[in-house]
Amino acid sequence: MPEPIDTDVAIVGGGPAGLAAAIALRRRGIARVLVLERESEAGGIPRHCGHPPFGIREFGRPMTGPRYARRLRAEAAAAGVDLRTGHSVVSLEPGGRLTVAAPEGVRTVAARRIILATGAREATRAARLASGDRPIGVINTGALQSYIYLKRLKPFRRPVVVGTELVGLSALWTCMRHGIRPVAVVEEGMRATARWPLSLFPRLLGIPVHYGSRLGDIAGLPRVTHVEIDGPGGRKSRLACDGVLFTGRFLPEAALVRMGTLALDRGSGGPAVDQHGRCSDPAYFAAGNLLRPIETAGWCFREGRRIGEAVADDLAGALPVATRTVRVGHAAPIRFAVPQSLSLAGSSRLTGTIQLRVGTESAGRLTVRAGGRLLWSRRIDTRPERRILVPLQGIDLPEGIDAIEIAIEPGGGA
């Protein structure tokens, strides 16, 4: 059995969040920073997103995904990060120990702190309960990008695209650049999920958008020949196509958390954390899209860097020791809130944000209350998958409370 590895910080996942955390730690003087990446190359999803704009805020210029990933790897190497690819973490043990399947065999890693940055994945066809045949040509965006940019293959030529999240528009871009002409976009909502003017993108490409519709049966063997569309008012239609591209509906890649002892937040699907990214076991922190579905690569990079700084503070004894914890609760239609708790130390002021998502289109007044007392509010008009931020700097938590409740109250009154 290979020798165990002893390190200061081990990071599970070599995407934008994991590499940004690693770089921040090395720049703070942490001697031994190890990144474990299961793929053969680090860089995460941007490796096979061959379009801009990545890296504008991080590196001051728009980049394609592969170029952005190369820049991240180069920055990590220059900072002295120990990056090991082909290493799959198979279990998380209490106190900061990992079991890892490595090319040389199974080995253990002991670290003073561990940062989890395993990212997110799109919901599968099975998870979406799509009915019909099981033909060739039914894939998600990640598989499309892999076919196009890594294998140089076209999985179809005339697909139906399901979903209008930002990643769906990215998929349309990839299709059109490589000679694939989608026949339609199908969206269950009555409006696009992506913000205007990006929501106009399909129509600018001349691709019909079916709002208020859902994908019915998928038909054809061995390849897709057509799909059934259930439109508004029960109207049904048939679209001839040779593939189905499911986009969006991301889920945190949290299998390791589910199998271990860390507390899992059922709303976000990721590990429960405080505002420093600290998990229920204080040896573990988390960053990036593992915390919630889903954010851009740039957001994950900045979040990873922030968590790396927090871990460096923790190792130096500079992260405030919590004297009390306040639970962050929420009510429907809010689906989740991240972080799920706030660690308070004496009179120290809170910084950062609470991030929210809703399950349905919602409008009203977003409020933060404690024991019925209003602490903060603002007007809101939002849709599912859109980022909502509550600034912690603007909230003065009363003494003695152990929970706050976030809600969207109708009517706009405060």
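Before reading on, note that the structure itself is shown above.
The following refers to the structure shown. (Residues numbered from 1 in each chain as written. Predicted model: local features only at pLDDT ≥ 70, side-chain atom pairs only at ≥ 80, totals over all residues. Heavy atoms only, no water.)

### Some details on the overall build of the chain
Here is step 1: Along the backbone of the chain there are nine helices and 25 strands.
Here is step 2: In terms of overall size, the chain behaves like a compact globule, its C-alpha atoms giving a radius of gyration of 22 Å where 414 residues would be expected to give roughly 22 Å.
Here is step 3: Dimensions of the chain, computed from C-alpha atoms along their principal axes, come out at roughly 60 × 60 × 40 Å.
Here is step 4: Across the 414 residues in the chain, those meeting the buried criterion constitute 55%. (Helix = DSSP H or I, 4+ residues; strand = E, 2+ residues; numbered from the N terminus. Rg over C-alpha atoms; globule rule 2.2 N^0.38 Å. Buried < 20%, exposed > 50% of the residue type's maximum accessible area, 1.4 Å probe, protein only.)

### Regarding helix α1 (residues 16–27)
Here is step 1: Given a rise of 1.5 Å per residue, 12 residues ought to cover 16 Å, and the 16 Å separating the end C-alpha atoms of α1 matches this to within 8%.
Here is step 2: Of all 12 residues making up α1, 10 are buried, and the element is well covered by its neighbours.
Here is step 3: Residues of α1 that are buried: Pro16, Ala17, Gly18, Leu19, Ala20, Ala21, Ala22, Ile23, Ala24 and Leu25.
Here is step 4: The inward-facing, buried residues of α1 contact β1 (5–12), β2 (33–37), α3 (65–79), β6 (105–116) and α9 (297–315). (Expected span 1.5 Å × (residues − 1). Contact = heavy atoms within 4.5 Å.)

### Things to note about the pattern of salt bridges
Here is step 1: Applying the stated rule across the entire model yields 23 salt bridges.
Here is step 2: Here Arg28 makes a salt bridge to Asp313, at a shortest N to O gap of 2.7 Å. In this pair, Arg28 is assigned in the loop between α1 and β2 and Asp313 in helix α9, connecting sequence segments 285 residues apart.
Here is step 3: For Asp313, a relative accessible area of 23% gives the class partly exposed.
Here is step 4: Ionic pairing is found between Arg249 and Glu188, a salt bridge with its closest N-O pair at 3.1 Å. Taken together, the residues span a long stretch of sequence, with Arg249 in the loop between β15 (243–246) and β16 (250–252) and Glu188 in the loop between β10 (184–186) and α7 (201–204) at a distance of 61 residues.
Here is step 5: Take Glu188: its relative accessible area is 49%, and that puts it in the partly exposed class.
Here is step 6: Connected through salt bridges with shared partners, the residues Asp6, Asp8, Arg32 and Arg112 form a single ionic network. (Salt bridge = Lys/Arg side-chain N within 4 Å of Asp/Glu carboxyl O.)

### Overview of the packing of helix α5 (residues 141–150) against helix α6 (residues 166–177)
Here is step 1: In the contact formed by α5 and α6, the axes pass within 10 Å of each other and the chain directions differ by 25°. One element, α5, and the other, α6, form an angle in the roughly parallel class. For the element pair α5 and α6, the recorded crossing hand is left-handed. Only Val167, Ser170, Ala171, Thr174, Cys175 and Arg177 of α6 make contact with α5, whose side of the interface consists of Thr141, Leu144, Gln145, Ile148 and Tyr149.
Here is step 2: Per-class residue counts for the contact of α5 with α6 are six nonpolar, four polar and one charged. (Axes fitted to C-alpha atoms, helices over the stretch in contact; angles between N-to-C directions. Parallel < 35°, antiparallel > 145°, perpendicular 65-115°, else oblique. Left-handed = near helix turned anticlockwise from the far one by under 90°. Nonpolar A, V, L, I, M, F, W, Y, C, P; charged D, E, K, R; others polar.)

### Topic: the environment of Val368
Here is step 1: Position of Val368 relative to the elements: it lies in strand β22 (residues 362–370).
Here is step 2: For Val368 and Val161, which are 207 residues apart along the polypeptide, the C-alpha to C-alpha distance reads 38 Å.
Here is step 3: Leave out the neighbours within four places in its chain, and Val368 touches Arg373, Leu374, Leu375, Trp376, Val390, Ile395, Ile404, Glu405 and Ile406.

### Comments concerning the pairing of strand β24 (residues 388–391)
Here is step 1: Burial along β24 is one-sided: Ile388 and Val390 are buried, while Leu389 and Pro391, pointing the other way, are not.
Here is step 2: Where strand β21 (residues 353–358) lies against β24, four bridges are found, and the strand directions are antiparallel. Along β24, the bridge assignment pairs Gln355 with Leu389. (Pairing = 2+ DSSP bridges.)

### Brief notes about the layout of surface pockets
Here is step 1: Quantified by volume, the second largest pocket comes out at close to 760 Å³.
Here is step 2: Around the second largest pocket, the lining is made up of 39 residues, and of these Glu165, Glu187, Glu188, Arg249 and Glu385 lie nearest the centre.
Here is step 3: Residue composition of the lining of the second largest pocket, by class: 16 nonpolar, 11 polar and 12 charged. (1 Å grid on protein atoms, 1.4 Å probe; cavity = no way out; pocket = protein on both sides within 12 Å on 5 of 7 lines; lining within 4 Å. Points joined across faces, edges and corners; volume = space filled by probe spheres on them.)

### Topic: the sheet that holds strand β12 (residues 214–219)
Here is step 1: Overall, antiparallel pairing links the three strands, which are arranged β12-β13-β14 in an open sheet. Strand pairing shows two members of the sheet lacking a second neighbour, β12 and β14 (236–240), which therefore form its edges. Sheet twist, expressed as the average angle between the axes of neighbouring strands with direction ignored, equals 25°.

### Observations regarding unusual backbone geometry
Here is step 1: The amide bond that connects Pro52 to the next residue, Pro53, takes the cis arrangement and shows omega of 5°.
Here is step 2: In this structure, Pro53 sits in the loop between β2 and α2 (56–59).
Here is step 3: A cis geometry characterises the amide bond from Pro293 onward to Ile294, with omega recorded as -20°.
Here is step 4: The topology assignment puts Ile294 in the loop between β17 (284–286) and α9.
Here is step 5: Here the phi dihedral of Arg249 falls at roughly 55°; this positive angle occurs in a residue that is not glycine.

### Looking at a nonpolar patch on the surface
Here is step 1: Among the surface-exposed residues, Trp196, Leu200 and Leu204 lie close enough to one another that they form a single nonpolar patch of about 390 Å² accessible area.
Here is step 2: Relative to the helices and strands, Trp196 is located in the loop between β10 and α7.
Here is step 3: Residue classification places Trp196 among the exposed positions, given a relative accessible area of 65%. (Patch = residues over 30% accessible without salt bridge, like charges linked within 9 Å, V, L, I, M, F, W, Y side chains within 5 Å. Areas by Shrake-Rupley, 256 points an atom, 1.4 Å probe, with all protein chains shown as cover.)

### Looking at the side chain of Glu187
Here is step 1: Mapping Glu187 onto the fold places it in the loop between β10 and α7.
Here is step 2: Look at Glu187: it is buried, it has no salt bridge, and the nearest opposite charge is Arg249 at 7.2 Å.
Here is step 3: Within the structure, the side chain of Glu187 is placed 2.6 Å from the side chain of Thr164, a separation counted as a polar contact. (Lys, Arg positive; Asp, Glu negative; His and termini not counted. Polar contact = N/O pair within 3.5 Å; in protein donor to acceptor, adjacent residues only side chain to side chain.)

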